[in-house]
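Examination of the molecular architecture
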Amino acid sequence: MAAMLRVPSCLALLALGVLGCGREPDAGKGGARQEPSSATAATPAIRFPVWIADLPVEVPLSPHRGGVAYERTRVQMLEQVARNLQGNVSRDAWLLAKEFFARLDRDTAVPLLVEAAARASLRPELAEWLQNVVEAMGTLGDPRCNDTLLAALGHPRESVRDAAMRALVSCGDEAAVLAAYGKLPSLGGRGHFDWIRAACARLREQRVAVFQRVLADPAWQPFYDKIVAELAVVPAAEVVAIVEPLFGRIRGPLRFQIAGLLHAKGDPRGTMVLREALKQPEAKGRLAALEALRRGAIGGFLSDVLALSVDEDPQVREAVVRLIHGIEGEQVSRVLATLALDPSAAVRRAALWSQSRRGERGQIEDLVAELRTASGTRLRATLEDLAAAGDPTALPAIAERMRQAPREEMREYLQAIAYSRAPEALPILRDLFLGPEQVVGRDPGRTTVTYLPTLMANLTGSETALLELFRALPRDDHRRRAVMLHETLLAMTLNASPQARAALFEHFRLLVRDRAEIPQIRMLALFCLRRDLRIEDALEVRKLAAAEEPAMRHAFEDFLHEFF
């Protein structure tokens, strides 16, 4: 432990500095910005030899330090990121620090955070820093953080204790979770819920016995529904052993969930209760029964479920759609065809989506036919229904009607095409994006160049094609490249597959290194890279800065000063 509590000299200086906070830093303090792209394209503080004033996106630049050289070593850079967890820095630097350690190798990240936590735990006024360090540990998922997290469960501040328990969900091993059980009296409701999550995920040999003891304690009754919900990750045989003692003394929706588990195991008691639940007078009871059947226990209940397709509550009807989506058969198809005409938009659109995935397009074809003559509110509803269906066969008709519509209505058609999320939407949006720039809708500032990249970000699964589209743009087409980089490619990193994310971030790295690019594109790429920024990237930027012309060198050094 003595080695774990040793504090590096750089971190030891933190106690003498301005103390940060666990909250989001206030705007205006330490160079904080409300929006990531607060600098304007037209008036940078640095005098770049090339600067395009009419880019449709603002280029984020770090606060200018007047050419102050950046000279920190790798170790000092990492220690600075640990200091940034205090929060007495810009908002962007604080947010990056909270995510950064998960991108380091664990042998480097764990000692840094353990030592930072040791320093922060020495003084009560550093509680917010300790909370942020503990949250960063949670992103690592490394059991070597457990001693620090268990110690933090005894901290005087509840927010620190709760953060430590939340981190144990990913870091904890069986011994740590069992040890945390003894600390639960000092935790609030959030801490109790996170212990449940940790126990479901981390306990193995003792899981059934521990949860049986928990559920036998009346003090845990407010958490029974959460416990049963979290047990979804536990093998079914264990779940039944854990919850069966509750079955005779619990009423309401939770009883129906347990009945679903018993029914799935072939227990007739669960089957009987579920059948009664589907006829409950209260909608929440019927919904709970349908939810219980989603665990794969619908066998023998199909007729009962289909009977609820005419339920008076639209939430029940929507639950029916989602439950029967994957079930084959003419009877199910007929019910979906009826629900595709439902007065509730949520029910109707869920059924249309299901029909499209099943290859049953009767109602979709009727909507396409109606699209050709509909107007006003009926036109908008038809476009929204077709977008929700996500059926590619409807896209040509939407595009054709858009070409005939007034310019003021163009935005609604474009949204319907993009929100379908069908891969076939990309060629339509791409051709408009590459064609002559035209105003979209009533706002003269919204054009096919500035607006379509935002819509194209909805096309999840088309990341490779969109990256190729960006690469194919002429290098001097600065406006299209800038807005697509910022609004399409960056947005797609949030939901892309791991392989697609890696390809996008690698291209951002290439743009940062490319000295033939204009400064705005390089700095935009560096801004985009922050979602995957690693210490190797920071070292690369430091190396690049040394070989750049003065303006670009200063921009890179300003970035390093802000974040490292």
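The preceding data block contains the structure.
The following refers to the structure shown.

Conventions used here
- Residues numbered from 1 in each chain as written.
- Predicted model: local features only at pLDDT ≥ 70, side-chain atom pairs only at ≥ 80, totals over all residues.
- Heavy atoms only, no water.
- Axes fitted to C-alpha atoms, helices over the stretch in contact; angles between N-to-C directions.
- Helix = DSSP H or I, 4+ residues; strand = E, 2+ residues; numbered from the N terminus.
- Parallel < 35°, antiparallel > 145°, perpendicular 65-115°, else oblique.
- Left-handed = near helix turned anticlockwise from the far one by under 90°.
- Contact = heavy atoms within 4.5 Å.
- Nonpolar A, V, L, I, M, F, W, Y, C, P; charged D, E, K, R; others polar.
- Buried < 20%, exposed > 50% of the residue type's maximum accessible area, 1.4 Å probe, protein only.
- Core = buried A, V, L, I, M, F, W, Y, C linked by side-chain atoms within 4.5 Å.
- Salt bridge = Lys/Arg side-chain N within 4 Å of Asp/Glu carboxyl O.
- 1 Å grid on protein atoms, 1.4 Å probe; cavity = no way out; pocket = protein on both sides within 12 Å on 5 of 7 lines; lining within 4 Å.
- Points joined across faces, edges and corners; volume = space filled by probe spheres on them.
- Expected span 1.5 Å × (residues − 1).
- Polar contact = N/O pair within 3.5 Å; in protein donor to acceptor, adjacent residues only side chain to side chain.
- Arc of directions from axis to C-beta.

1. Some words on the packing of helix H27 (residues 463-472) against helix H28 (residues 478-492)
Where H27 meets H28, the closest approach of the two axes is 11 Å, and the angle between their N-to-C directions is 165°. It follows from the interaxial angle that H27 and H28 lie roughly antiparallel. For the crossing formed where H27 meets H28, the hand is left-handed. On H28, the residues that touch Glu463, Leu466, Leu467, Leu469 and Phe470 of H27 are Arg481, Met484, Leu485, Thr488, Leu489 and Met492. Here the residues of the contact of H27 with H28 are counted per class, giving eight nonpolar, one polar and two charged.

2. A few points about unusual backbone geometry
A positive phi is found at arginine 421, a non-glycine position, where the angle reads about 60°. With respect to the helices and strands, the residue arginine 421 is situated in the loop between helix H24 (410-419) and helix H25 (425-434). When its relative accessible area of 46% is taken as the criterion, arginine 421 is described as partly exposed.

3. Re the nonpolar core
In this structure, Phe101, Trp195, Leu485 and Phe564 are the most contacted members of the largest nonpolar core, which totals 195 residues. Setting aside residues no more than four positions away along its own chain, leucine 485 makes contact with Phe470, Leu490, Phe508, Leu511, Ile521, Leu524, Ala525 and Cys528.

4. Regarding the pattern of salt bridges
For the structure shown, the criterion picks out 40 salt bridges. Where aspartate 194 meets arginine 197, a salt bridge forms, and the shortest distance between an N and an O atom there is 2.8 Å. A residue pair is termed a helical-turn pair when its members lie 3 or 4 positions apart in one helix, as aspartate 194 and arginine 197 do in helix H10 (residues 189-202) at three residues. A salt bridge links arginine 475 to glutamate 517, with the shortest nitrogen-to-oxygen separation between them at 3.2 Å. Highlighted residues: arginine 475 in the loop between H27 and H28 and glutamate 517 in the loop between helix H29 (498-513) and helix H30 (519-529), separated in sequence by 42 residues.

5. Thoughts on the environment of cysteine 528
Looking at where cysteine 528 falls in the secondary structure, it is placed in helix H30. Taking the C-alpha atoms as reference points, cysteine 528 and aspartate 366, separated by 162 residues in sequence, lie 43 Å from one another. The residues contacting cysteine 528, other than those within four sequence positions of it, are Leu485, Leu490, Phe505 and Phe508.

6. Looking at the packing of helix H16 (residues 283-293) against helix H18 (residues 314-324)
For the pair H16 and H18, interaxial distance at closest approach is 10 Å and the crossing angle is 10°. Here H16 lies roughly parallel to H18, going by the angle between them. The residues of H18 that touch H16, namely those facing Ala283, Arg286, Leu287, Leu290 and Leu293, are Gln315, Val316, Ala319, Val320 and Leu323. A breakdown of the residues in the contact of H16 with H18 according to their chemical character gives eight nonpolar, one polar and one charged.

7. So, empty space enclosed by the protein
Enumeration according to the criterion identifies one cavity of 30 Å³ or more in this entry. Estimates place the volume of the largest cavity at around 70 Å³. If you go around the largest cavity, you meet 11 residues; those closest to its centre are Pro60, Ser62, Phe527, Arg530 and Phe559. The set of elements that each furnish at least two residues to the lining of the largest cavity consists of H30 and helix H32 (550-563).

8. A few points about H32
In this model H32 runs 20 Å from its N-terminal to its C-terminal C-alpha over 14 residues, within 8% of the 20 Å that 1.5 Å per residue would give. Most of H32 sits out of view: 12 of its 14 residues are buried. What H32 keeps buried is the set Ala551, Met552, His554, Ala555, Phe556, Glu557, Asp558, Phe559, Leu560, His561, Glu562 and Phe563. The elements touched by buried residues of H32 are helix H3 (74-84), helix H4 (91-100), H29, H30 and helix H31 (535-547). Residue glutamate 549 occupies the N-cap position of H32, its side-chain oxygen lying 2.9 Å from the main-chain nitrogen of alanine 551.

9. Re helix H9 (residues 174-181)
Within the sequence span of H9, burial applies to Ala176, Val177 and Ala180. In an axial view of H9, the angular spread of the buried residues amounts to 100°, which keeps them on one side of the axis. Looking at the buried residues of H9, the elements they touch are helix H7 (146-152), helix H8 (158-171) and H10.

10. Points about the side chain of threonine 488
Note that threonine 488 resides in helix H28. Overall, threonine 488 belongs to the buried group, its relative accessible area being 0%. Among all residues touching threonine 488, those that are not within four sequence positions of it are Pro453, Thr454, Met456, Ala457, Leu466 and Val483.

In short, the description is geometric, and any link to function would need to be established separately.
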